[in-house]
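Below, each chain spelled out in residue letters.
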Amino acid sequence: MNDSHRAVYPLRGKRVWVAGHRGMVGGALVRRLASEGCEVQTAGRDGVDLRRQAEVDGWMADNRPQAVFIAAATVGGIYANDSRPAEFLYDNLVIAANIIEASRRTGVEKLLFLGSSCIYPRLAPQPMPEEALLTGPLEPTNEWYAVAKIAGLKLCQAYRKQYGADFISAQPTNLYGPGDTFDLEGSHVVPALLMKAHAAKVSGEHTLTVWGTGTPRREFLYVDDLADALVFLMGNYSGPIPLNIGTGDEVTIRELAQTVAEVVGFSGTLRFDTDKPDGTPRKLVDCRRLHALGWHHRTPLKEGLARAYAWYLDQAAATAGAGAG
Ligand code: GDP
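Below is a short write-up of the structure. (Residues numbered from 1 in each chain as written. Predicted model: local features only at pLDDT ≥ 70, side-chain atom pairs only at ≥ 80, totals over all residues. Heavy atoms only, no water.)

1. Details of the nonpolar core
Part 1: Counting 38 residues, the largest nonpolar core has Trp17, Leu50, Ile99 and Leu111 as the members making the most contacts within it.
Part 2: Sorting the residues of this core by element identifies strand 1 (15–19), helix 2 (53–63), strand 3 (67–70), helix 4 (85–105), strand 4 (110–114) and helix 5 (143–163) as the ones contributing at least two each.
Part 3: If we skip the residues at most four places from it in the chain, leucine 50 touches Trp17, Ala19, Val56, Ala72, Val94, Ile95, Asn98 and Ile99.
Part 4: Val16, Val25, Ala28 and Leu233 belong to the second-largest nonpolar core, a separate cluster that totals 35 residues. (Core = buried A, V, L, I, M, F, W, Y, C linked by side-chain atoms within 4.5 Å. Buried < 20%, exposed > 50% of the residue type's maximum accessible area, 1.4 Å probe, protein only. Helix = DSSP H or I, 4+ residues; strand = E, 2+ residues; numbered from the N terminus. Contact = heavy atoms within 4.5 Å.)

2. Details of the packing of helix 4 against helix 5
Part 1: Following both chains from N to C, one finds helix 4 and helix 5 inclined at 15°, their axes separated by 7 Å at the closest point. Between helix 4 and helix 5, the angle is such that the two are roughly parallel. Seen from above, helix 4 lies across helix 5 with right-handed handedness. Here Pro85, Phe88, Leu89, Asn92, Leu93, Ala96, Ala97, Ile100, Glu101 and Arg104 of helix 4 come into contact with helix 5, specifically with Trp144, Tyr145, Val147, Ala148, Ala151, Gly152, Leu155, Cys156, Tyr159 and Tyr163.
Part 2: Looking at the contact of helix 4 with helix 5 residue by residue, the class counts come to 16 nonpolar, two polar and two charged. (Axes fitted to C-alpha atoms, helices over the stretch in contact; angles between N-to-C directions. Parallel < 35°, antiparallel > 145°, perpendicular 65-115°, else oblique. Left-handed = near helix turned anticlockwise from the far one by under 90°. Nonpolar A, V, L, I, M, F, W, Y, C, P; charged D, E, K, R; others polar.)

3. Description of helix 5
Part 1: With 21 residues, helix 5 should reach 30 Å at 1.5 Å per residue; the first-to-last C-alpha distance of 29 Å fits that figure.
Part 2: Along helix 5, the residues classified as buried are Tyr145, Ala146, Ala148, Lys149, Ile150, Gly152, Leu153, Cys156, Tyr159 and Arg160.
Part 3: In this structure, the buried residues of helix 5 make contact with helix 3 (78–83), helix 4, strand 4 and strand 5 (167–172).
Part 4: Glycine 164 sits one or two positions beyond helix 5 and adopts a positive phi of about 70°. (Expected span 1.5 Å × (residues − 1).)

4. Observations concerning the environment of tryptophan 144
Part 1: Inspection of the secondary structure puts tryptophan 144 in helix 5.
Part 2: When neighbours within four sequence positions are excluded, tryptophan 144 is seen to be in contact with Asn81, Pro85, Phe88 and Leu89.

5. Looking at the site of the ligand
Part 1: The immediate surroundings of the ligand are formed by 17 residues, with Lys196, Trp211, Arg218, Pro277 and Asp278 found nearest.
Part 2: Measuring from an oxygen atom of the ligand, one finds a backbone N or O atom of valine 189 at 2.9 Å.
Part 3: Contact between the ligand and proline 277: an oxygen atom at 2.6 Å from a main-chain N or O atom of the residue.
Part 4: When the ligand sits alone it has 540 Å² of accessible area, and the protein chains cover 97% of it.
Part 5: Listed by contribution, the elements that provide at least two residues to the shell around the ligand are helix 6 (189–203) and strand 7 (207–211).
Part 6: With three residues, helix 6 is the single largest residue contributor to the shell around the ligand.
Part 7: Here the shell around the ligand is built from residues that sort into eight nonpolar, five polar and four charged. (Near = heavy atom within 4 Å. Polar contact = N/O pair within 3.5 Å; in protein donor to acceptor, adjacent residues only side chain to side chain. Areas by Shrake-Rupley, 256 points an atom, 1.4 Å probe, with all protein chains shown as cover.)

6. A few points about the packing of helix 2 against helix 4
The angle between the axes and the distance between the axes are what describe a pair of packed helices.
Part 1: Two elements in contact, helix 2 and helix 4, have axes whose closest approach is 9 Å; the angle formed by their N-to-C orientations is 40°. The interaxial crossing formed by helix 2 with helix 4 has right-handed handedness. Contacts between helix 2 and helix 4 involve Gln53, Val56, Asp57 and Met60 from the former and Ala97, Asn98, Ile99, Glu101, Ala102, Ser103 and Arg105 from the latter.
Part 2: Here the residues of the contact of helix 2 with helix 4 sort into five nonpolar, three polar and three charged.

7. Regarding the packing of aromatic side chains
Part 1: Summed over the entire model, instances satisfying the criterion amount to eight aromatic pairs.
Part 2: Consider the rings of phenylalanine 182 and tyrosine 312, whose centres lie 4.7 Å apart with planes at 15°: the pair is stacked. On the criterion of sequence distance, the pair formed by phenylalanine 182 in the loop between strand 6 (174–176) and helix 6 and tyrosine 312 in helix 10 (residues 301–324) is long-range, its members being 130 residues apart. Across the pair, exposure class does not vary: phenylalanine 182 and tyrosine 312 are buried alike.
Part 3: An aromatic cluster of three or more residues is present, and its members are Tyr159, Tyr163 and Phe167.
Part 4: Positioned above the aromatic ring of tyrosine 163, the side-chain terminus of arginine 104 is 4.5 Å from the ring centre. (Phe/Tyr/Trp six-rings, centres within 6.5 Å; stacked < 30°, edge-to-face > 60°. Lys NZ or Arg CZ within 6 Å of the ring centre and 35° of its normal.)

8. So, the state of the cysteines
A covalent bond between the sulfur atoms of two cysteines is what we call a disulfide.
Part 1: Scanning all chains against the criterion turns up zero disulfides.
Part 2: The thiol sulfur of cysteine 38 is not disulfide-bonded, and the nearest other cysteine sulfur, from cysteine 156, lies at 19 Å.
Part 3: Residue classification places cysteine 38 among the buried positions, given a relative accessible area of 16%.
Part 4: Counting only cysteine sulfurs, cysteine 156 is the nearest neighbor of cysteine 118, a cysteine outside any disulfide, at a range of 16 Å. (Disulfide = S-S within 2.5 Å.)

9. Examining helix 7 (residues 223–236)
Part 1: Given a rise of 1.5 Å per residue, 14 residues ought to cover 20 Å, and the 20 Å separating the end C-alpha atoms of helix 7 matches this to within 8%.
Part 2: For helix 7, the full list of buried residues reads Val223, Asp225, Leu226, Ala227, Asp228, Ala229, Leu230, Val231, Phe232, Leu233, Met234 and Gly235.

10. Describing the sheet that holds strand 10 (residues 243–245)
Part 1: Taken together, six strands build an open sheet; the order of strands is 2-1-3-4-5-10 and the sheet is parallel. Of all strands in the sheet, those with a lone pairing partner are strand 2 (39–41) and strand 10, marking the two edges. If you compare each strand with its neighbour and ignore which way they point, the axes differ by 20° on average.
Part 2: Sheet topology note: the strand 1/strand 2 ladder contains three bridges and is parallel. Bridge pairing in strand 2 places valine 16 opposite valine 40.
Part 3: Sheet strands in contact with helix 1 (residues 24–33) are strand 1, strand 2, strand 3 and strand 4, and its direction is about 155° off that of strand 1.
Part 4: Where helix 7 meets the sheet, it contacts strand 3, strand 4, strand 5 and strand 10, and its direction lies at approximately 145° from that of strand 4. (Pairing = 2+ DSSP bridges.)

In C-alpha cells, the structure reads:
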C-alpha cells in the first residue's frame, strides 16, 4: 500500500457518533471508545429512524459529530437474508446513503463505513484480497445485503473522489460475541450453535443438529477485536480501498460445532441436516493490508466462544429473572 494512504486522525476530544450502538458491533465500539478520551454520541432508534433522510439530517445538525462510525444495519444469518431480501436491500442502502450524505453536508471530518466480507464474489480466490471486489457473481443467499454494502463502500469512494471527504470503509469477516442475535431462525452460525448446544445439554439430548454438510469453511472474529480494529483504522488509515478485517485463521463448520460443544459442555454427537443450505463454500479474507498497517487480532476462537456463551447465559438468566418478577 502507498504510504500516502496513512494518516493520523486522533479521536481524543472529538464528538464521535456510533450509528447503530444497540447492535453487536456498535455496542463493542461504544465499549472500546470509552478509553479514547472522546465524546461518544448515540441516537436512540425511537428518536431517529436512520432510514429517513430528514431524521438523520435533523439529528446530525443538532449533534454535529466530527467522526462517524456507521455500524447500523439490518443484519441476520443465512436464513434471514434469504427470506427477507427486500428489507436487507432497502434498509441497508438507505441507511448508508442517508448517513454518508448527511455527513458530507455537516462537514464530518472522518467517517468509517462498515461493510461485510459477503461483498466478495461467491467463488473469489481464497483468502479474498480487496481486489476481488466486483469480479464475479455474489453468493445468492446473501446478495441483497451484499449489494447494499457494496453501494455503501462505493459511496465512500465516490465522496472521497468528488468532494475530498475522508470517508473510509472496512469489511470484517464473520463476527460473533456479546450482543449477538441469539434466535434460532435469524442467527448466524455461532449464536445458533451455542444456543442449540446449550439447550441439548440442559435437556439431556444426545444430538446437536448442525445445518448443511459441515464442510464449509469460515473465519470468525471476536467483536471486541473488530471494534479495536475499527478504532485503529479511524486513527491510522485514510484511503479509497475498503480494507479487510479478519484473523487469517479458518475452521470448518464441523470443527466450529465441535469447539462449541466443548465450550458449552455438550458431550453428544453432531448430526448434519443437509436439507439446510451450506452457503458459500469458503470465506476467508486476506488481511495483509491491515497487518501491514500494524493491527492484529487478539482473541483466540475458543476464548471468544466462551465469552459469548457467558454473555448468553447472563442474558438468559436476566430474562428469566425479569419474567419471574
Ligand atoms: P454465512 O457465513 O453468511 O453463510 O452465514 P451463517 O453464519 O448463517 O452460516 C454459516 C455456515 O454455518 C453455513 O454453512 C450454515 O449452513 C452453517 N450452519 C450450521 N448450523 C447452523 C445454524 O444452526 N444456523 C446458521 N445460521 N448456520 C448454520
